[in-house]
Each structure stands twice: as C-alpha cells, then as structure tokens.
Amino acid sequence: MKNFFKSVVLTCLLTAFSIQAFPQSGYKNPIIRGFNPDPSVCRVGDDFYLVTSSFEYFPGLPIYHSKDLINWQQIGHCLTRDSQLPLQKVTASGGIYAPSIRYHDGLFYVITTNVSHGGNFYCTATDPAGPWSEPIWVDIKSIDPDIFWDEDGKTYFVTQGDEGIRVTEIDIKTGKVIGPEYLVWGGIGGRFPEAPHIYKKDGFYYLLLGEGGTEYMHSATIGRSKNIYGPYESCPLNPILTHANRIGQSNPIQGVGHADLIQAKDGSWWMVFLGFRVTHKWAYYHILGRETFLAPVDWPKGGWPQVNGNGTVSLNMDVPTLPLHPFPKAPERTEFNEDKLGFDWQYLRNPVRENYSLSERKGWLRISTSPSTLNDLDAVSFVSRRQTEHDFEAATLMVFDSSSENEEAGLTLIQNNSHHYDFLIRKVKNGYSAQLRVTLGSLSYIAAEQKIRSNKISLKIEGNPSQYIFSYSDATNKDYQELGRLDTRYLATEVAGGFTGVMIGMYTSSNGKPSKAKAWFDWFDYQVKE
C-alpha cells in the first residue's frame, strides 16, 4: 500500500513537472481576429504588449496584453483624446497608419503616423493601459515609423521612403531631427518596401521589412549589416515569410507580411504579422480585414531567421508554444449596464459625445440622431465592433423614438462610407417600415422592405462566408422573420478597397435634416458559430 501511495505521489509530481518544464503544443491562427492589421509587439519581463492600426476609427490604436503570445486581451487604446487623434473629415482608410510599440528605460513608446492630420509622432506611457502622453511630433515625411535605441545611447527614427528604408538620428525627448536621413536598403525588389524594424543581434543590425504591397503579393524580407546605415546584405532565404508562391497559393490565409520579431524570456523567437482569411479556396475575397497572426522563428546565433520552417503558416499551428495563459472568455451579450462602453466598441472619426448616453435610461444605450449619414465624412451617430469570423450571429433590441419619415435607425455592416449594408427601421404612414438597404459606391437601393406596427424591434444578422441573412422580430411577432439575404463579397476589400474590415454598427440618422429622434438599444449580442 505504501508503494502504491508513493507511485501516486511520484506520478503527480512528474505530471506537474512536465507541465512546467516542457512547452505545450499547438494554437490557432489568427491570434487577434477581425480588423487588426500592422501588428507590432514588445516584451517587458513575462508580459507581451501589442498594438495594431486603427485608421479612421476612434479611439485609436488598440493595445493588447498577453503572457504567451497566443491568448490576448485588450487593455486599452493609445489614442483616447481628440487632442491626440484629430479625425475630422478623414476619408476611408485615412487617419492612423502602421504603429510600432517599444519599451525603453521605463517608458512605453507607440510610434505611428496620422496621414490625414500632422504626420509622424510618438506617445509615451509608464503603463501600456494608459493614459498616454500627447503626441511628440517628428518632422520626417514618411509612414510606418519605428524607433531604435543603439548601445551607444543614440536614438534612430526608422521609416519607409519611396525608394526604400530610411534611418535618421533624433532627440528622443523632443522628437527633433539631429542628423541626416540615410537611405539604407530597398529590400529585394518588391514594390512598396515598408514596415521597417531594426534589431541588434550577434553584432549585426537586422532590418526587417514588408514588400509587395499589403495584398496577395505581400511578404516579409530581412537584411543585415555591421553598420546601421548599411550596406545591408539580403538574407539568402528571402522572402522569409510569404504566401505569394506555389506553396501558399491555396492557403486560406493570404497576404501575409508587415511583421515584427520578438524574443520570449525562454530565448525562443516569434514573429507577429498581418494576413487575411479568404472566404473561398479559389474565389479570393476577404471581408474581415487584415488580422494578426503568429509564427515560430528559428534564429541561430550569427545566422538568419527562418519562419516556421518554410516561410508559410496555417490556421492550425502544430508547434511547441510557451506555457499558455488564457483569459476568461468575453460575454456574448453587451447589456449596456456599465458607465462606459467596452474596448470592443469604436466610433467613426471623433464622436459628438452628447449624442451617446449609458446613464439616461439604466441598462440602455441611447444614440441621438444626427443629420450625418454613413456615406458622409462627418461624425455620424454610430458605434460599432469588429466582425471577427465569417460564421457569426449579431442581434440587438431597439426602440426608435421618431416623428419624421427622414429619420432612421438600426444596424449596419460597414466596410467604408461607400460600401455598407443597412438594416433599419423608419417611420411611415400608420406605422413603421423595416428596410434592407444596399450602398455600393454610386449604387444605392432598397433590397427588401416590410411594414411593421411597432417602433420596438429586434434585428438579427447571421453571417457565413458567402451570405449575410437579415431577420427581424417586432412587438407583434416574437419569431424572427427573414427580410433578405445579401452577398458578402460586395463588402470585401477586393470590391470596396481600403485597409479596414467589416464593422457591425448601431446607428441613427436624419439624412441631412435637424432631428430630436433617439434610438435606444437594450442589448447587443455577438455570437461566433463554431
């Protein structure tokens, strides 16, 4: 009996030891799902922090935290004040481009570009959850900036130029340029060399960049030099990451590139990068935007980094991982019981704050109607969250206090201001009408319409790779009635253009006329279908 108990104890100890001592295996890509492009990552101790682009959405630059590079939780935004992020009249895919996040001497830095207002700048914080400082501007005309601190104490601004990557010494306290700009490397010949990051390793300066444009020919390439200003030698494995080849041609992940490298505390190297999931194997459309992916990297001393063996990745990665630290699963329903909206929710451009309230009626989100429409470049009464999967279901219960036929409120699936599907109700004679409206560039029409009796209605949108299905339930009928179906591909980037992904929004508009109408939302559900 004693031997039996010894055996049990030994087995438990060995099991516990194996969990701690040996890496776990496998994870799913993408690691941050939905519109989250241009990822950059840094590590402080056991913690990883990551930032992605936000373009015309407010607040700007979501900040994520992880313990294992696989499970991520949003902890805030870098740009939360209008003074940090002016977005007035910003066009689709304008605003904030390609950030980098770095940590140096007790401070976090996020370096980015507002292509519509002001150019390059960086903000600092002692806590990555914020608050972040006001912008420190850098007078260099470019995009995709990063900051590199060398061992001699000098600080360099690294950016994309028309001919290639440029390196310039700056004063990190003021952002003032204190040295000439040097064109250091143009990559391996792909168009749009961009997204530069410099790493110092084994006596070499390694310069990572993206090439081929952020589309199907995208890739990551790397060079190295003994001098930060070059010349840079091209890696013989280049491109070290791409699906623009025969191996990657039928992969459901396309457009991989715009990467950043990070070393974990255990010495392992990893790469975060953008890519997009296509809706069909051969009919290439992507609607979710560019997302954040992860791959292991083998980087021997004095050698070149090799990404996941052959420079490609998959949705299911069967590789050793760091010990996993998952976060609690987010609830599927937003009840609007808190004092402010969660980090998932985004406005189009700077919001008119008095048009939103979570306190006027407890447990309801009030959105006051504004004259601006979803087609305009003004601040529209609209708040949204990302579509993160092809297969999903979104629903809300809404009450619309309206007195005029020009007023409307409901849900929208929006890729940009010229490509969106609106699922709305508006007042008509002797009641209300539920409508499904299509806006595709200069083409706009009502695809389906049904008269309803009540201004209280539940709206539901179901998605799959090829279709969106729109259903409603008013106060006189508890069962959902289908109103119409629309193809997903007309909201795809291949049709609509731009750099964002589909957002699911609640909105209201009076279509150019003054209004006192209000839309009340009791809850919002977002459920991913497995």
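Numbering of residues starts from 1 in every chain and runs along the sequence as written. Confidence filtering applies because this is a predicted model: local features only for residues at pLDDT of at least 70, side-chain atom pairs given and counted only at 80 or more, and all residues used for totals across whole chains, interfaces and linings. The side-chain numbers reported here are obtained from all heavy atoms of the structure, hydrogens and water having been left aside.

Draft legend 1. Fine view of the domain arrangement of the protein. Domain annotation of the protein identifies domain 1 (27-320) and domain 2 (333-528). The domain limits used here are those given by an automatic or database domain assignment. Computed from C-alpha atoms alone, the centre-to-centre distance between domain 1 and domain 2 is 33 Å. Summing both sides of the interface, domain 1 and domain 2 together bury roughly 3300 Å²; the carbon and sulfur share of this comes to 54%. Only one rule defines a salt bridge in this text: a Lys or Arg side-chain nitrogen within 4 Å of an Asp or Glu carboxyl oxygen. In this structure, the connection of domain 1 to domain 2 is made through four salt bridges. The shortest N-O distance in the salt bridge between Asp 378 and Lys 89 comes to 2.6 Å. Identification of polar contacts relies on pairs of N or O atoms within 3.5 Å, with a donor-acceptor requirement for protein atoms, meaning one able to donate a hydrogen and the other able to accept it, and with residues adjacent in sequence counted only if both atoms are side-chain atoms. Summed over the shared surface of domain 1 and domain 2, the result is 21 residue pairs in polar contact (both at pLDDT 80 or more). Helix numbers and strand numbers start at the N terminus; a helix is a DSSP run of H or I with at least 4 residues, a strand a run of E with at least 2. Among the elements of the structure, β4 (57-58), β5 (60-66) and β6 (73-79) are those that each provide at least two residues to the side of domain 1 that touches domain 2. With four residues, β6 is the single largest residue contributor to the side of domain 1 that touches domain 2. A class-by-class count of the residues in the side of domain 1 that touches domain 2 yields 21 nonpolar, 14 polar and seven charged. The term buried area refers to how much accessible surface (probe radius 1.4 Å) is lost by two components on association, counted for both of them together. Under the scheme applied here, ten amino acids are nonpolar (Ala, Val, Leu, Ile, Met, Phe, Trp, Tyr, Cys and Pro), four are charged (Asp, Glu, Lys and Arg), and all others, including Gly, are polar.

Draft legend 2. Quick look at the sheet that holds strand β34 (residues 443-452). Note on pairing: DSSP must find at least two bridges between two strands before they are called paired. What the six strands build is an open sheet, ordered β29-β38-β31-β32-β33-β34; its pairing is antiparallel. Each having just a single partner strand, β29 (381-386) and β34 make up the two edges of the open sheet. Taken pair by pair, the neighbouring strands of this sheet meet at an average axis angle of 20°, ignoring direction. Relative to strand β32 (residues 419-428), strand β31 (residues 408-416) runs antiparallel, the two sharing eight bridges. Bridge pairing in β32 places Ile 414 opposite His 420. To obtain an axis, a line is fitted to C-alpha atoms, over the contacting stretch when the element is a helix, and the angle between two such axes runs from 0 to 180 degrees between their N-to-C directions.

Draft legend 3. Structural context of the sheet that holds strand β11 (residues 143-149). On the basis of which strands lie adjacent, the open sheet formed by four strands has the order β11-β12-β13-β14 and antiparallel pairing. If you trace the sheet from one side to the other, it starts and ends with β11 and β14 (182-185), each paired once. On average, each strand axis in the sheet is inclined to that of its neighbour by 30°, with strand direction left out of account. In the sheet, strand β12 (residues 155-160) pairs with strand β13 (residues 165-170) via six bridges, with the strands oriented antiparallel. Along β13, the bridge assignment pairs Phe 157 with Thr 168.

Draft legend 4. Summary view of the UniProt feature "active site" (unreviewed entry) in the protein. UniProt positions are given in the numbering used here, feature names are shortened, and annotations may be inferred rather than shown by experiment. As recorded in UniProt, the sites labelled "active site" (unreviewed entry) are Asp 38 and Glu 194. The named residues occupy 157 residues along the chain; their greatest pairwise C-alpha distance, 10.8 Å, places them in one compact cluster. By secondary structure assignment, the location of Asp 38 is in the loop between β1 (24-28) and β2 (40-44). Contacts were defined at the residue level, with two residues in contact if any of their heavy atoms lie within 4.5 Å. Look past the residues within four positions of Asp 38 in its chain and what remains in contact with it is Val 51, Thr 52, Ser 53, Phe 55, Ala 98, Pro 99, His 258, Leu 274 and Arg 290. Separated by 2.6 Å, the side chains of Asp 38 and Ser 53 make a polar contact.

Draft legend 5. Structural detail: the packing of aromatic side chains. Whether two aromatic rings pair depends on their centres lying within 6.5 Å, for rings of Phe, Tyr and Trp, where Trp uses its six-membered ring; planes under 30 degrees apart make the pair stacked, over 60 edge-to-face, and the rest tilted. Applying the stated criterion across every chain yields a total of 27 aromatic pairs. Considering the side-chain rings of Phe 392 and Tyr 468, the 6.2 Å spacing of their centres and the 65° angle between planes classify their relative orientation as edge-to-face. Taken together, the residues span a long stretch of sequence, with Phe 392 in strand β30 (residues 392-401) and Tyr 468 in strand β36 (residues 467-474) at a distance of 76 residues. The exposure class assigned to Phe 392 is buried, which follows from its relative accessible area of 0%. Relative accessibility thresholds used throughout: buried, under 20% of the residue-type maximum; exposed, over 50%; partly exposed, between the two (1.4 Å probe, protein chains only). Accessibility expressed as a relative area gives 0% for Tyr 468, which makes it buried. Aromatic pair Phe 392 and Tyr 526: ring centres 5.6 Å apart, planes at 20°, arrangement stacked. Here Phe 392, found in strand β30, pairs with Tyr 526, found in strand β39 (residues 518-528); they are 134 residues apart in sequence, far enough to count as distant. Ring-pair connections join several aromatic residues into one group, and the members of that group are Phe 35, Phe 55, Tyr 57, Tyr 97 and Phe 499. Criterion for a charge above a ring: Arg CZ or Lys NZ at most 6 Å from the ring centre, at most 35 degrees from the ring normal. In this structure, Arg 224 packs its charged tip against the face of Trp 304, placed 4.3 Å from the ring centre. Above the plane of the ring of Phe 204 lies Lys 226, whose end atom (NZ or CZ) is 4.2 Å from the centre.

Draft legend 6. Layout of the nonpolar core. Counting 66 residues, the largest nonpolar core has Leu 413, Tyr 421, Tyr 468, Phe 470, Met 506 and Phe 524 as its most contacted members. Residue contributions to this core peak at five residues, all from strand β33 (residues 431-440). Here this core gathers at least three residues from each of two domains, domain 1 (27-320) and domain 2 (333-528). Those residues in contact with Met 506, other than ones at most four positions away along the chain, are Phe 336, Trp 345, Leu 365, Ile 367, Ser 381, Phe 382, Val 383, Thr 396, Gly 410, Leu 411, Phe 521 and Phe 524. One finds Leu 50, Ala 220, Ile 240 and Ala 264 within the second-largest nonpolar core, a separate group that totals 41 residues. The nonpolar core is taken to be a set of buried Ala, Val, Leu, Ile, Met, Phe, Trp, Tyr and Cys residues, with the residues joined through side-chain atoms within 4.5 Å.

Draft legend 7. Up close: the environment of Tyr 205. Take Tyr 205: it is sitting in strand β16 (residues 204-211). Remark: the alpha-carbon pair of Tyr 205 and Val 44, spanning 161 residues in sequence, is separated by 21 Å. One polar contact links Tyr 205 to Asp 150, side chain to side chain, over a distance of 2.5 Å.

Draft legend 8. Looking closely at the pattern of salt bridges. On inspection of all chains with the given rule, the structure shows 28 salt bridges. The salt bridge involving Arg 166 is made with Glu 181; its shortest N-O contact spans 2.6 Å. Residue Arg 166 is found in strand β13, and its partner Glu 181 is found in the loop between β13 and β14; the two are separated by 15 residues along the sequence. Assessed through its relative accessible area of 38%, Glu 181 is described here as partly exposed. A salt bridge links Glu 482 to Arg 485; the shortest N-O distance between them is 2.9 Å. Arg 485 gets classed as partly exposed once you look at its relative accessible area, which sits at 44%.

Draft legend 9. Expanded view of unusual backbone geometry. Looking along the chain, the bond that leaves Gly 130 and enters Pro 131 is cis, with omega of 5°. Summarising the element assignment, Pro 131 is placed in the loop between β9 (119-125) and β10 (136-137). Residue Pro 239 is bonded to the preceding Asn 238 through a cis peptide linkage, with omega at -10°. Tracing the sequence through the fold places Pro 239 in the loop between β18 (233-234) and β19 (241-242). Even without being glycine, Phe 55 reaches a positive phi, approximately 55°.

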